[in-house]
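Observations on the model geometry
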Amino acid sequence: MAPATRVLFDAGQNVAWKFDVVREQVGNNCQVSGMEGPRDDVGSGSVAEAQRGTEANRFGQCQWANVAYMGYLDGADAETLGHLHDLYVETDGTWKSSIEIGRDDITILPCGYCVEPSGSGYDVVNDMQFRNQVRDAVYDRMRTLSGALRSFDAIAMTGLEILLFGGDMTVTFVVVFADGTRVPVVFDASNKMGFIDKDRVTDEQGNELMTSSNVSEFQHFGEIYGLSTAAENFLRNAERLGVEIVRAGGGSGRQVSCTWKCEEISGQTICNLECSSH
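Residues take numbers from 1 onward in each chain, read along the sequence in its written order. With the structure being a predicted model, the display of local features is reserved for residues of pLDDT at least 70 and the display and counting of side-chain atom pairs for 80 or more, all residues being used for whole-chain, interface and lining totals. Side-chain figures throughout are based on the complete set of non-hydrogen atoms in the structure, without hydrogens or water.

Digging into helix 4 (residues 128-142)
For helix 4, with 15 residues, the first-to-last C-alpha span of 21 Å sits near the 21 Å given by 1.5 Å per residue. Two N or O atoms count as a polar contact when they lie within 3.5 Å, although within protein this holds only if one can serve as hydrogen donor and the other as acceptor, and sequence-adjacent residues are included solely when both atoms are side-chain atoms. Put simply, DSSP marks the helices as runs of H or I at least four residues long and the strands as runs of E at least two long, and each gets a number from the N terminus on. One side-chain oxygen of the residue at the start of helix 4 lies 3.1 Å from the amide nitrogen of Q129, identifying that residue as D127. A helix is expected to span 1.5 Å multiplied by its residue count minus one.

In C-alpha cells:
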C-alpha cells in the first residue's frame with residue numbers, strides 16, 4: 001500500500017533501513033511532467049487508472065507502481081528498534097517470553113462469589129468478570145517490570161504494525177493460584193491488553209477445569225491432589241455447576257472421583273454426575 005513508511009530491521013545484526021513508499025508512474029521513456037498521480041492506492045482495473053494510463057502513454061510507456069525511496073531513521077524509530085533488539089536478545093531470537101507468577105504478585109480485590117476470597121482458576125473459566133480482573137491485573141503487573149517484558153509493552157504502545165518473518169511476538173504470564181490452578185495470560189500483536197484462553201487453564205495436575213459446557217466429560221474423572229485445598233475447590237466449583245457432591249471424611253481428603261449416579265424415576269433411568277472426596 002502507498003503512501004506509507006516501511007522499516008526493515010535485522011534484529012540480530014541490529015541494522016535497519018527506512019523507506020518512504022509512494023505511488024508513481026514509471027516505465028520505458030515515461031514522461032509525466034505536468035500530470036498528477038493518485039494520492040492513494042487504486043485497483044489496476046479501475047476506469048480512472050485506465051484513462052490516466054492512455055494519457056500517459058503519449059509521453060512513453062508509463063504504468064502506476066509503488067516506489068520506495070530511502071528515508072532517515074528519527075529518534076522515535078531508534079527507540080522502537082532498541083526495544084525490538086532488546087526483546088530479540090533476551091528471548092534468544094524466539095520473540096517469546098514466559099514467566100510464572102503467584103496469585104499474590106497481582107492485585108485483585110477479595111472476591112465474594114469465588115470458590116475462595118483470593119479466587120481460583122475455576123473462577124477464571126466460569127466467570128467473565130473475574131477473568132477480566134485477572135487479565136487486567138496481570139497487564140498492570142507487566143508494566144512494572146523491566147527487561148524483555150517491559151520492552152514488549154513499550155513496543156505494543158507505539159501502535160505500529162510489526163510483522164515478524166518466521167514467528168510471532170508473544171509474552172505469556174502463568175498465574176499460579178493457592179490451590180495450584182494455573183492461568184496463562186497471553187500478550188501478542190492481536191491481544192496487546194492480554195487474553196485468557198479458558199481451554200488452557202488447568203489444575204495443579206494439568207487437567208482441564210470443569211465448566212458448564214464440559215461437565216459430562218468428567219463422568220469417569222479421578223485425581224489425587226497434593227493439597228486438600230485443591231480437592232475442595234474442585235468440589236466447590238462442581239457443586240455450583242449443579243453436580244451432586246459427597247464429602248467423605250469431613251471433606252478433608254485429597255482424592256477426588258466423579259461418576260454417574262443413576263436412578264429409576266417414573267419408568268425412566270435418570271443419570272446425574274456425582275463427585276466425592278476421600
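Read on for the rest.
Examining the sheet that holds strand 6 (residues 182-188)
What the 4 strands build is an open sheet, ordered 4-5-6-7; its pairing is mixed. The strands lining the two open edges of the sheet, one partner per strand, are strand 4 (96-102) and strand 7 (191-195). Adjacent strand axes in the sheet meet at a mean angle of 15 degrees when their direction is disregarded. Relative to strand 5 (residues 170-176), strand 4 runs parallel, the two being bridged by 7 bridges. Along strand 5, the bridge assignment pairs I101 with V175. Taken strand by strand, helix 4 contacts strand 4, strand 5, strand 6 and strand 7, and its axis lies near 60 degrees from that of strand 6. Two strands are said to pair when DSSP picks up at least two bridges between them. Fitting a line to C-alpha atoms yields each axis, with helices limited to the stretch in contact; the angle taken between N-to-C directions then spans 0 to 180 degrees. The contact definition used throughout considers only heavy atoms, calling two residues in contact when any of these lie within 4.5 Å.

Focus: helix 2 (residues 75-90)
Here helix 2 is 16 residues long and its end C-alpha atoms lie 23 Å apart, about the 22 Å a rise of 1.5 Å per residue gives. Measuring from the side-chain oxygen of the N-cap residue of helix 2 to the backbone nitrogen of A76 gives 3.2 Å; that N-cap residue is D74. Just past helix 2, the residue D92 takes up positive phi, approximately 55 degrees.

Here's the deal with the pairing of strand 6
Within a regular beta strand, the side chains point alternately toward one face of the sheet and then the other, so they alternate between its two faces. For every residue, the accessible area obtained with a 1.4 Å probe (protein chains only) is divided by the maximum for its type, and the residue is called buried under 20%, exposed over 50%, and partly exposed between those limits. Counting buried residues in strand 6 gives 6 out of 7 residues, a clear majority hidden from the surface. The pairing of strand 6 with strand 7 spans 2 bridges and is antiparallel. Its bridge partner lying in strand 7, D188 is registered against N191. Joining the antiparallel neighbours strand 6 and strand 7 is a turn of 2 residues.

Remarks on the sheet that holds strand 10 (residues 255-265)
Judged by pairing direction, the sheet is mixed, and its 4 strands sit side by side in the order 8-10-11-9 without closing on themselves. Each end of this open sheet is capped by a strand with a single partner; those strands are strand 8 (222-224) and strand 9 (244-247). This sheet shows a mean twist of 30 degrees between the axes of neighbouring strands, independent of strand direction. Note that strand 9 and strand 11 (residues 268-277) share 4 bridges and pair parallel. Bridging across to strand 11, I245 finds its partner in C275. Across the sheet, helix 6 (residues 228-240) is in contact with strand 9, strand 10 and strand 11; its angle to strand 9 comes to roughly 150 degrees.

Points about a nonpolar patch on the surface
On the surface, a nonpolar cluster with roughly 380 Å² of combined accessible area is contributed by L8, V15, W17 and M70. Its location among the elements puts M70 in strand 3 (residues 63-70). You can call M70 exposed: its relative accessible area is 53%. Patch membership requires over 30% relative accessible area and the absence of a salt bridge. Like charges are linked within 9 Å, and nonpolar side chains (Val, Leu, Ile, Met, Phe, Trp, Tyr) within 5 Å. Here the Shrake-Rupley method, with its probe set to 1.4 Å, supplies the accessible areas, and only the displayed protein chains count as covering residues. By definition, a salt bridge exists where a carboxyl oxygen of Asp or Glu is found within 4 Å of a side-chain nitrogen of Lys or Arg.

A word on the side chain of E232
The residue E232 is located in helix 6 in this model. At 3.0 Å, the side chain of E232 forms a polar contact with the side chain of R247.

Some remarks on the nonpolar core
What we call a nonpolar core is a set of buried Ala, Val, Leu, Ile, Met, Phe, Trp, Tyr and Cys residues that are connected through their side-chain atoms within 4.5 Å. In terms of nonpolar packing, the biggest core is built from 51 residues, with V134, F187, M210, F234 and C275 touching the most fellow members. It is helix 4 that contributes the most residues to this core, 6 residues altogether. F234 has contacts with Y122, M210, F218, F221, Y225, V256, C258 and C275, leaving out every residue within four places of it along the chain.

Brief notes about the state of the cysteines
Cysteine sulfur atoms are paired as a disulfide whenever they fall within 2.5 Å. In the structure shown here, the tally under the stated rule is 4 disulfides. Here C30 connects covalently by a disulfide to C62, the sulfurs 2.0 Å from one another. The sign of the S-S torsion, about 115 degrees, decides the handedness of the disulfide formed by C30 and C62: right-handed. In this pair, C30 sits in the loop between strand 2 (15-26) and helix 1 (47-56) while C62 sits in the loop between helix 1 and strand 3, placing the two residues 32 residues apart along the sequence. For C30, a relative accessible area of 22% corresponds to the partly exposed category. C62 sits in the buried class, given a relative accessible area of 10%. Put simply, C258 and C275 are joined by a disulfide, and their sulfur atoms are 2.1 Å apart. Handedness of the C258-C275 disulfide follows from its S-S torsion of about 110 degrees: it is right-handed.

Section: unusual backbone geometry
Of note, N29 is a non-glycine position whose phi angle comes to about 55 degrees, a positive value. One can find N29 in the loop between strand 2 and helix 1. Given a relative accessible area of 56%, N29 falls into the exposed group. For W95, which is not glycine, the phi dihedral falls at a positive 65 degrees. With respect to the helices and strands, the residue W95 is situated in the loop between helix 2 and strand 4.

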